[in-house]
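# Analysis of the macromolecular model
If you want the building blocks of each chain, they are given just below.
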Amino acid sequence: MEILVEKDYKNMSKKAAFLIREAIKEKPDLILGLATGSTPIGTYEELIRMHKEEGLDFSKVTTFNLDEYYGLSPEDSQSYRYFMEDTLFKHINIKKENTHVPDGLVKEPNEYGKIYDKMIEEQGGIDIQILGIGRNGHIAFNEPDDELILSTHLTGLTEDTIEANSRFFDSIDKVPTTAITMGLGTIMKAKKIILMANGKNKTEIMGELLKGEKVSTKLPASLLLLHPDVTIIMDEEAAELYKK
Ligand code: PGA
């Protein structure tokens, strides 16, 4: 595991974008796993800059997103498909058919999850998976629990996550309470994982995670400690309790 501490959010974002750019240069048909939320926005901005100013080419890149709120259509401005279009896809030369975000409207989400995982496998697997982390230690929408489901599946969101995500909605009761999420098995199959964390509200969970003494389904991100190629990039605030 490589742990990088950058001065601030901007530098953290640049570092992640740099790693993605190098990977695309080496493998133009990169399979990239993407995340939503506040954390990766700076990385996406930097990738857009690299595309516009340096000609970084996304025409052969394929993407798979981690999750989607269940019940929201792709056109809903709160959906993760909408977020991805708005924040990244429409600003770069990626082909729409090469971008995948779980479909929040499917009738059989668990069956659909298996199809989503198969699609990833058929593309040769995810080369780089970008991750944020919830302040409760969740990865995608794999919330702390007694057991974690391996494949892509329908899941309930914890109170803490609903509360954390309510900042994007008009009111807390508008936040969907279920989502389709890649499972920990799907995520752990990625060849490389880049986890980013910034800001004071991630200090505690990063300190806990990077004590590195145990894995627990109560801290889903701790499973990543078993992955052979993880890079963690934090800003100084998130790294405050991290002791080298
Ligand atoms: P955030 O969310 O990037 O908005 O902090 C991360 C997460 O909940 O996984």
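Look up a bit, the structure's there.
Below or above, wherever it landed, is the structure these notes cover. (Residues numbered from 1 in each chain as written. Predicted model: local features only at pLDDT ≥ 70, side-chain atom pairs only at ≥ 80, totals over all residues. Heavy atoms only, no water.)

### Quick notes on unusual backbone geometry
Test applied: Secondary structure follows DSSP: runs of H or I at least 4 residues long count as helices, runs of E at least 2 residues long count as strands, and numbering of each begins at the N terminus.
Phi at A140 takes a positive value of approximately 50°, unusual for a residue other than glycine. Residue placement: A140 occurs in the loop between β6 (128–131) and β7 (153–156).

### Side note on the sheet that holds β7
Pairing between sheet strands relies on hydrogen bonds along the backbone, with the strands arranged either parallel or antiparallel. Our working definition: The pairing criterion for strands is at least two bridges between them, as found by DSSP. Orientation is described by axes fitted as lines to C-alpha atoms, over the contacting stretch for helices, and by angles from 0 to 180 degrees between their N-to-C directions.
Ordered in space as β4-β8-β7, the 3 strands form an open sheet in which the pairing is antiparallel. The sheet is open, and its two edges are formed by β4 (67–69) and β7, each paired on a single side. Across the sheet, the mean angle separating the axes of adjacent strands is 30° when strand polarity is ignored. By the bridge criterion, 4 bridges tie β7 to strand β8 (residues 178–181) in an arrangement that is antiparallel. Considered in β8, the bridge of G156 is made with T178.

### Quick notes on the site of the ligand
Quick reminder of the rule: Nearness is defined per residue: one heavy atom within 4 Å of the molecule or strand is enough. We define a polar contact as two N or O atoms separated by no more than 3.5 Å, with the added condition that, inside protein, one atom must be a possible hydrogen donor and the other a possible acceptor, whereas residues neighbouring each other in sequence contribute only through side-chain atom pairs. Residue exposure ignores everything except the shown protein chains as possible cover, and the areas themselves are Shrake-Rupley values with a 1.4 Å probe. Using only the protein atoms, space was sampled on a 1 Å grid; points where a 1.4 Å probe fits but cannot get out form cavities, open sets with protein on both sides within 12 Å along at least five of seven lines form pockets, and lining residues are those with an atom within 4 Å of a point. Think of it this way: a molecule belongs to a cavity or pocket when more than half its atoms come within 2 Å of the grid points there. For this classification, the nonpolar set comprises Ala, Val, Leu, Ile, Met, Phe, Trp, Tyr, Cys and Pro, the charged set comprises Asp, Glu, Lys and Arg, and every other residue, Gly included, is treated as polar.
Lining the immediate environment of the ligand, one finds G37, S38, T39, G132, I133, G134, H138, R167 and K202. Separating an oxygen atom of the ligand from a side-chain N or O atom of K202 is a distance of 2.6 Å. Within the complex, 83% of the 280 Å² of free accessible area of the ligand lies under protein. More than half of the atoms of the ligand fall within 2 Å of the grid points belonging to the largest pocket. Looking at the shell around the ligand residue by residue, the class counts come to 1 nonpolar, 6 polar and 2 charged.

### Considerations on the nonpolar core
Where we set the bar: As used here, the term nonpolar core means buried Ala, Val, Leu, Ile, Met, Phe, Trp, Tyr and Cys residues forming a set that is joined through side-chain atoms within 4.5 Å. Buried means the residue's accessible area, taken with a 1.4 Å probe over protein chains only, is under 20% of the maximum for its type, while exposed means over 50%, and partly exposed covers the values in between. Note on contacts: a residue pair qualifies if any of its non-hydrogen atoms lie within 4.5 Å across the two residues.
One finds L47, L88, I133, I187, M206 and M234 to be the most contacted residues of the largest nonpolar core, which totals 71 residues. Examining the composition of this core, we find that 6 residues originate from one element, helix α1 (residues 9–26), more than from any other. Discounting chain neighbours no more than four positions away, the residues touching I133 are H138, I139, L195, M196, A197, K202, I205, M206, L209 and A221.

### Here's the deal with the layout of surface pockets
Where empty space is left in the structure can be found by rolling a water-sized probe over the atoms. Operational definition: Grid points are joined across faces, edges and corners, and a volume is the space filled by probe spheres set on the points.
Its boundaries defined by the atoms lining it, the largest pocket holds a volume of some 650 Å³. Around the largest pocket, the lining comprises 34 residues; the ones closest to its centre are T36, G37, S38, N165 and R167. It is helix α5 (residues 159–165) that provides the largest number of residues to the lining of the largest pocket, a total of 4 residues. When the residues that make up the lining of the largest pocket are grouped by side-chain class, the tally is 15 nonpolar, 14 polar and 5 charged.

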